[in-house]
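# Close look at the chain arrangement
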Amino acid sequence: MSSIALTPPSSQGFSHAALAAALPVPATGLPPIDNLRRLLDAGLDRLPLPGHGATLQRWQALAAVAAIDLSLLKLYEGHTDALAILAEIDGPGAPAGSSWGVWCAEMPGARVKLQQTADGRYVLDGRKAWCSGASGLSHALVSCWNDEGQACLASIALAQPGVHVTDEGWQAVGMAACNSVDVTFSAARAFPVGAPGAYLERPGFWHGGAGIAAAWYGAACAIASHLHARAQHAAPDPIRLAQLGRIDCALHAAAALLREGAADIDRHPQRDAMGLALRLRLAVEDAATLVMHLATRALGAGPLCRDAQFARLAADLPVFLRQSHAERDQAVLGGIVAGAEEHPWTL
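Our subject in this report is the structure included herewith.

So, how was this worked out
- Residues numbered from 1 in each chain as written.
- Predicted model: local features only at pLDDT ≥ 70, side-chain atom pairs only at ≥ 80, totals over all residues.
- Heavy atoms only, no water.
- Helix = DSSP H or I, 4+ residues; strand = E, 2+ residues; numbered from the N terminus.
- Rg over C-alpha atoms; globule rule 2.2 N^0.38 Å.
- Buried < 20%, exposed > 50% of the residue type's maximum accessible area, 1.4 Å probe, protein only.
- Pairing = 2+ DSSP bridges.
- Salt bridge = Lys/Arg side-chain N within 4 Å of Asp/Glu carboxyl O.
- Phe/Tyr/Trp six-rings, centres within 6.5 Å; stacked < 30°, edge-to-face > 60°.
- Lys NZ or Arg CZ within 6 Å of the ring centre and 35° of its normal.

### So, the overall build of the protein
Check the secondary structure of the protein and you find 11 helices and seven strands. For 347 residues, the compact-globule estimate of 2.2 N^0.38 gives 20 Å, and the C-alpha radius of gyration of the protein, at 20 Å, lies within 12% of that figure. Viewed in the frame of its principal axes, the protein has a C-alpha envelope of about 75 × 50 × 40 Å. Across the 347 residues of the protein, 48% fall into the buried class.

### What about the pairing of strand 5 (residues 151-157)?
Counting buried residues along strand 5, five of its seven residues qualify, which places the element largely inside the surrounding structure. The sheet contact formed by strand 4 (residues 139-145) and strand 5 spans seven bridges and is antiparallel. If you follow Ser-143 over to strand 5, its bridge partner there is Leu-153. As consecutive antiparallel partners, strand 4 and strand 5 are separated by five residues, and within that stretch Gly-149 has a phi angle of approximately 80 degrees, a positive value. The pairing of strand 5 with strand 7 (residues 181-192) spans two bridges and is classified as antiparallel. Looking at strand 7, one finds that Ala-154 is bridged to Pro-192.

### Considering the pattern of salt bridges
Oppositely charged side chains can form a pair if their charged atoms are brought close together. Under the counting rule described, the total for this entry stands at 11 salt bridges. Between Arg-127 and Glu-168 there is a salt bridge whose closest N-O contact spans 2.4 Å. With Arg-127 in strand 3 (residues 122-131) and Glu-168 in the loop between strand 6 (163-165) and strand 7, the pair connects residues that are 41 residues apart, well separated along the chain. The exposure class of Arg-127 is partly exposed, given its relative accessible area of 29%.

### Some thoughts on the packing of aromatic side chains
Aromatic rings considered in pairs are described by the distance between their centres and by the relative angle of their planes. Taken as a whole, this structure holds two aromatic pairs when the rule is applied. Measuring from centroid to centroid gives 5.2 Å for Phe-205 and Trp-206, while their planes differ by 85 degrees, and the two rings are edge-to-face. Judged by relative accessible area, which is 23%, Phe-205 ranks as partly exposed. Put simply, the rings of Tyr-199, Phe-205 and Trp-206 touch in pairs and so form one group of aromatic residues. Of note, Arg-111 hangs over the ring of Trp-145, and the distance from its end group to the ring centre comes to 3.5 Å.

Structural measurements only, silent on function.
Below, the structure is given as structure tokens:
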């Protein structure tokens, strides 16, 4: 990685040295679920909670894993997000050795139902799309709806007869290794987590959304590092150096926003962070898109065809970036800015 990458301090329990020790080389040679277990066994999932004074260190860990393998990051981020959610809304503790997903995407026209049976148990019924890591995780937090039409969250153990992991729902080449498929529930035993609406209403919802931008940033830095290495070792090329200069400006600007955003969340952990999260996501999305465009133009077909990690990142990152809602998020952010009494751009 080049010097523009964020470096997690070892004092927070996560370091590049610990990450390298936990994963084989190359890490992309094993299924992401196996590498996730290696990270969990090494204790590298115990990240600082967002809004507790070390949000930047949490995001640095996400960036570091993303720079290695975005499909692994998808599982790692889901697991660490689940631990944060359980802590924030007083959910049940995660059993030792468990691995978690957060499956809260809502498929149009389909809702997973949470119902209470006559004997007081809760069960889930329905189909959930985009369930990353479904075939290898032990537990998941699942968004669902109760009989009153209220949005709820439930925890569920996946090794039970009422849970069926399909092989349907994913056709993309990018991010295919995270095994994000449809899962069906049929009277699957579940446990409500928090009150109805608590998952979406908690301040940490947008803290977690902002953290995704750190993952995009880490992957963009990894792509940029290939161009940085070429510029160091090849004959000077003015066009390539100009492209590297643009990338440097974009990544430094994105890193500054991430640091500022993390500090703001730590100063005001209970404040609505929707505007902040959207700004970070949109700015980092633009930076990552520019990095991909310029780096692939500067490097040509060689690394896309002959470098496994570069090729995987180049295929995965465009798909992962589509977690952004693009112009729709821009419009929401614009509405927040328009509603402010004064413009927010004072230096």
